[in-house]
Amino acid sequence: MYEDYIIIYYSSENQKCFIDKNISIDSNQDDNTSNDEDISCNQAHKIHYNNIPEVSLKIHDGDKIKDIKVEFPNVKLSLP
């Protein structure tokens, strides 16, 4: 099993800015995976991921939405 970490910091003047740290998981359980207010902007965050080849993050900064894709090259998927 691999453990991977990323450090993210996103600066915004918008006080309601937030980051969804993994859009494949619905952490607030509202049936929408891309709007989870997992972490706030304007702070550095160290995020831990286990044994996944990639993760997509979504930054919500007012009317601006930014997608970030992070790939972990040490994890390989093996399909049956």
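Because the structure is a prediction, the values reported are computed rather than measured.

K.L.:
Can you help me understand the overall build of the chain in this one?
P.N.:
The number of helices and strands found in the chain is 0 helices and 6 strands. Counting helices and strands in the order they occur from the N terminus, the chain gives β-β-β-β-β-β. Judged by the C-alpha coordinates and their principal axes, the chain covers about 45 × 25 × 15 Å. Residue pairs in contact within the chain that sit at least 24 positions apart in sequence constitute 54% of those at least 6 positions apart. Surface exposure of the chain reaches about 5700 Å², of which carbon and sulfur atoms provide 47%.

K.L.:
In this structure, what is going on with the environment of asparagine 28? I would like to understand it.
P.N.:
On the secondary structure map, asparagine 28 appears in the loop between β2 (18–20) and β3 (39–40). Among the residues examined, asparagine 28 registers a relative accessible area of 39% and is labelled partly exposed. Between the C-alpha atom of asparagine 28 and that of aspartate 38, which follows or precedes it by 10 residues, the distance is 8.6 Å. In contact with asparagine 28, not counting residues within four places along its chain, are Asn35 and Asp36. Polar side-chain contacts of asparagine 28 include one of 3.5 Å to the side chain of aspartate 36.

K.L.:
Would you explain the pairing of strand β1 (residues 3–8) in this entry?
P.N.:
Every other side chain in a regular strand lies on the same face of the sheet, so the side chains alternate between the two faces. Residues of β1 alternate between two faces, with Asp4, Ile6 and Ile8 buried on one and Glu3, Tyr5 and Ile7 left unburied on the opposite face. Two strands pair when backbone bridges link them, and β1 and strand β4 (residues 45–50) are joined in this way by 6 bridges, in the antiparallel orientation. Its bridge partner being in β4, isoleucine 8 is matched across the sheet by histidine 45.

K.L.:
Whenever I open this one, the side chain of aspartate 61 confuses me. Can you help?
P.N.:
Among the secondary structure elements, aspartate 61 is positioned in strand β5 (residues 54–61). Separated by 2.7 Å, the side chains of aspartate 61 and serine 12 make a polar contact. Filtering out sequence-adjacent residues up to four positions away, aspartate 61 remains in contact with Tyr10, Ser12, Asn14 and Cys17.

Cut-offs and rules
- Note on numbering: residues in each chain are counted from 1, in written sequence order.
- Local features in this predicted model are restricted to residues of pLDDT 70 or higher, and side-chain atom pairs are both shown and tallied only at a pLDDT of 80 or more, whereas totals for entire chains, interfaces and linings draw on every residue.
- Only hydrogens and water are set aside when side-chain values are computed; all heavy atoms of the structure are taken into account.
- Per the convention used, a helix needs a DSSP run of H or I reaching at least four residues, while a strand needs a run of E reaching at least two, with both numbered from the N terminus.
- Note on definitions: a residue-residue contact is assigned when non-hydrogen atoms from the two residues lie within 4.5 Å.
- For the area figures, the Shrake-Rupley method with a 1.4 Å probe applies, and any residue is considered shielded solely by the protein chains shown.
- Exposure is judged per residue with a 1.4 Å probe applied to protein chains only, and the accessible area is read against the type maximum: over 50% gives exposed, under 20% gives buried, and values in between give partly exposed.
- By the criterion applied in these results, polar contacts are pairs of N or O atoms within 3.5 Å in which, for protein atoms, one can donate a hydrogen and the other can accept it, and in which residues neighboring in sequence qualify only through two side-chain atoms.
- In this description, strands pair whenever DSSP reports at least two bridges between them.

Worth remembering: the numbers are spatial, not functional.
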